[in-house]
Amino acid sequence: MSPAARKPRSENASDPSLTLNFANRVSFTPRTSRWTAIIPWLFVLLWSSGFIGSKLGIPYAEPFTFLTLRYCIVLAILIPIALLTRAPWPKGKAQLAHVAFAGLMIHALYLSGCVWSLRLGLPAGVLSLIVSLQPLFTAAFAGMVLSERVLPRQWTGLALGFIGTILVVAHKTGSGLTFTMTLPAIAALVGITVGTMWQKRHCPTFDLRTSTVVQYAASLLITAILAFTTETMQIEWSGQFIFALLWVALVLSIGAISLLNHLIRSGTAVNVASLFYTVPAVTALMAWAIFGETLTGLSLIGMAVAVLGVWLARGR
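Residues numbered from 1 in each chain as written. Predicted model: local features only at pLDDT ≥ 70, side-chain atom pairs only at ≥ 80, totals over all residues. Heavy atoms only, no water.

## Details of the overall build of the protein chain
- Secondary structure summary: the protein chain contains 13 helices and 0 strands in total.
- Its helices and strands in sequence order give the protein chain the pattern α-α-α-α-α-α-α-α-α-α-α-α-α, from N to C terminus.
- Looking at the protein chain as a whole, 47% of its 316 residues qualify as buried.
- Taking the intrachain contacts of the protein chain between residues at least 6 apart in sequence as the baseline, contacts between residues at least 24 apart amount to 88%.
- Surface exposure of the protein chain reaches about 15,600 Å², of which carbon and sulfur atoms provide 70%. (Helix = DSSP H or I, 4+ residues; strand = E, 2+ residues; numbered from the N terminus. Buried < 20%, exposed > 50% of the residue type's maximum accessible area, 1.4 Å probe, protein only. Contact = heavy atoms within 4.5 Å. Areas by Shrake-Rupley, 256 points an atom, 1.4 Å probe, with all protein chains shown as cover.)

As structure tokens, then:
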């Protein structure tokens with residue numbers, strides 16, 4: 001046997017598998033890296049648009065009725081997709097319960113708390129401040145619950161992000177607050193914090209298609225009960241309402257939530273939570289462009305501070 005024939009396979013330059021592996025590393029890694037960098041900010045953009053869509057739709061339907069219709073549309077789209085693609089469902093009652101509980105926290109409790117507090121008269125600025133405590137709460141419990149270490153740089157970023165949020169919404173806080181108004185907002189804060197951490201810990205590898213169906217089905221049950229028991233369920237159909245409903249159902253409940261699930265799965269809880277600091281700033285820009293709402297110099301400074309805070313908090 002010749003020396004060339006005895007050469008190990010790993011040293012053979014003509015091995016097609018080595019050429020393919022090298023090509024994959026060269027061709028696809030940069031593209032993947034760019035997409036990975038874009039996903040967090042695309043999520044922020046889509047998530048922020050949900051507040052605008054809700055503001056457009058709420059005048060034509062009561063909050064829980066609006067959420068119930070929204071979840072029905074989402075399930076009408078996702079169930080056929082899950083069945084046609086034969087996506088695997090959560091295995092066993094325990095996994096099913098974990099997925100459903102995370103969905104109840106993120107979709108039912110968080111969104112219901114937000115719309116309920118707004119309906120009771122809580123200013124949107126105060127609501128933004130309350131739910132913006134989420135990154136700080138997540139960081140406080142990340143070590144205990146998820147065994148994640150929060151670095152001093154991240155703590156600094158979280159503090160800056162919260163300060164920036166205060167500056168962004170300071171002119172919208174208003175007065176005349178009552179405990180009744182703030183209680184649903186506090187419930188929303190608990191929901192989004194517990195939901196993201198629960199999903200990170202107990203649902204790390206679920207299939208996004210079927211598990212999202214489970215989460216929205218569980219949430220639909222809650223919002224439908226609230227709509228039937230507390231609202232008239234009357235709807236004023238209009239072009240603006242239909243646009244708003246389709247926007248929050250397709251862009252937010254499918255697009256933004258899919259990105260959030262991806263971020264929870266691939267990143268740390270603190271990194272994901274820190275992104276929510278930029279939501280009030282992006283929402284304020286959208287409200288200024290669409291509704292002509294006031295955008296002060298202090299708000300612009302707050303936006304810059306919030307972005308700096310998120311950059312620090314996401315650095316490792």
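## Observations regarding the pattern of salt bridges
- Throughout the structure, instances matching the rule amount to 1 salt bridge.
- Ionic pairing is found between Arg209 and Asp207, a salt bridge with its closest N-O pair at 2.7 Å.
- Looking at Arg209, the relative accessible area reads 33%, which means it is partly exposed.
- Given the relative accessible area of 18%, Asp207 is considered buried. (Salt bridge = Lys/Arg side-chain N within 4 Å of Asp/Glu carboxyl O.)

## Examining the side chain of Thr138
- Here Thr138 shows up in helix α6 (residues 134–146).
- In this structure Thr138 touches Thr193, Met197, Ala269, Val270 and Ala273, once residues within four positions along its chain are discounted.

## Notes on the environment of Gln95
- Within the secondary structure layout, Gln95 lies in helix α4 (residues 92–119).
- Looking at Gln95, the relative accessible area reads 27%, which means it is partly exposed.

## Concerning the layout of surface pockets
- Roughly 730 Å³ of volume is contained in the largest pocket.
- Lining of the largest pocket is provided by 35 residues; of these, Phe51, Leu118, Ala124, Leu127 and Thr283 occupy positions nearest its centre.
- When residues of the lining of the largest pocket are traced back to their parent elements, those giving at least two are α2 (16–57), α3 (63–84), α4, α5 (124–131) and α12 (279–291).
- Of the residues that constitute the lining of the largest pocket, the class distribution is 23 nonpolar, 7 polar and 5 charged. (1 Å grid on protein atoms, 1.4 Å probe; cavity = no way out; pocket = protein on both sides within 12 Å on 5 of 7 lines; lining within 4 Å. Points joined across faces, edges and corners; volume = space filled by probe spheres on them. Nonpolar A, V, L, I, M, F, W, Y, C, P; charged D, E, K, R; others polar.)

## What about the packing of α3 against α4?
- At a minimum axis separation of 9 Å, α3 and α4 run at an interaxial angle of 145°. Classified by chirality, the crossing of α4 by α3 is right-handed. Across the interface between the two elements, Pro63, Phe64, Leu67, Arg70 and Tyr71 of α3 pack against His107, Ala108, Leu111, Ser112, Val115, Trp116 and Arg119 of α4.
- Taken together, the residues of the contact of α3 with α4 break down into 8 nonpolar, 2 polar and 2 charged. (Axes fitted to C-alpha atoms, helices over the stretch in contact; angles between N-to-C directions. Left-handed = near helix turned anticlockwise from the far one by under 90°.)

## Considering unusual backbone geometry
- For Arg86, which is not glycine, the phi torsion reads 55° and is therefore positive.
- In this fold, Arg86 is placed in the loop between α3 and α4.
- The exposure class assigned to Arg86 is exposed, which follows from its relative accessible area of 77%.
- Notably, Met233 is not glycine yet its phi reads approximately 65°, a positive angle.
- By the element assignment, Met233 lies in the loop between α9 (208–230) and α10 (239–266).
- Residue classification places Met233 among the partly exposed residues on the basis of a relative accessible area of 28%.

## Observations regarding the nonpolar core
- With 52 residues, the main nonpolar core has Phe43, Trp47, Tyr110, Leu122, Tyr216, Leu260 and Phe276 as its most contacted residues.
- Sorting elements by how many residues they give to this core places α10 first, with 9 residues.
- Setting aside anything within four residues of it in sequence, one finds Trp47 in contact with Tyr110, Ile192, Leu252, Ala256, Ile257, Leu260, Phe276 and Val279. (Core = buried A, V, L, I, M, F, W, Y, C linked by side-chain atoms within 4.5 Å.)

## A word on the environment of Val270
- Structurally, Val270 can be placed in helix α11 (residues 269–274).
- The class of Val270 is buried, set by a relative accessible area of 2%.
- With 120 residues separating them along the chain, Val270 and Val150 place their C-alpha atoms 7.6 Å apart.
- Look past the residues within four positions of Val270 in its chain and what remains in contact with it is Thr138, Ala139, Ala142, Glu148, Val150, Gln154 and Leu158.

## A short note on the packing of α5 against helix α7 (residues 152–169)
- Two numbers describe how α5 lies on α7: the axes approach to 9 Å, and their chain directions differ by 175°. The angle between α5 and α7 falls in the class roughly antiparallel. Note on element contacts: α7 touches α5 through Phe162, Thr165, Ile166 and Val169, opposite Gly125, Ser128 and Leu129.
- Along the lines of polarity and charge, the residues of the contact of α5 with α7 split into 4 nonpolar, 3 polar and no charged. (Parallel < 35°, antiparallel > 145°, perpendicular 65-115°, else oblique.)

## So, α7
- In this model, α7 (18 residues) spans 26 Å end to end at C-alpha, consistent with the 26 Å of a helix rising 1.5 Å per residue.
- Along α7, the residues classified as buried are Gln154, Gly157, Leu158, Gly161, Gly164, Thr165, Val168 and Val169. One face of α7 carries all of its buried residues, which in axial projection span an arc of 125°.
- Here the buried face of α7 lies against α5, α6, α11, α12 and α13 (297–314). (Expected span 1.5 Å × (residues − 1). Arc of directions from axis to C-beta.)

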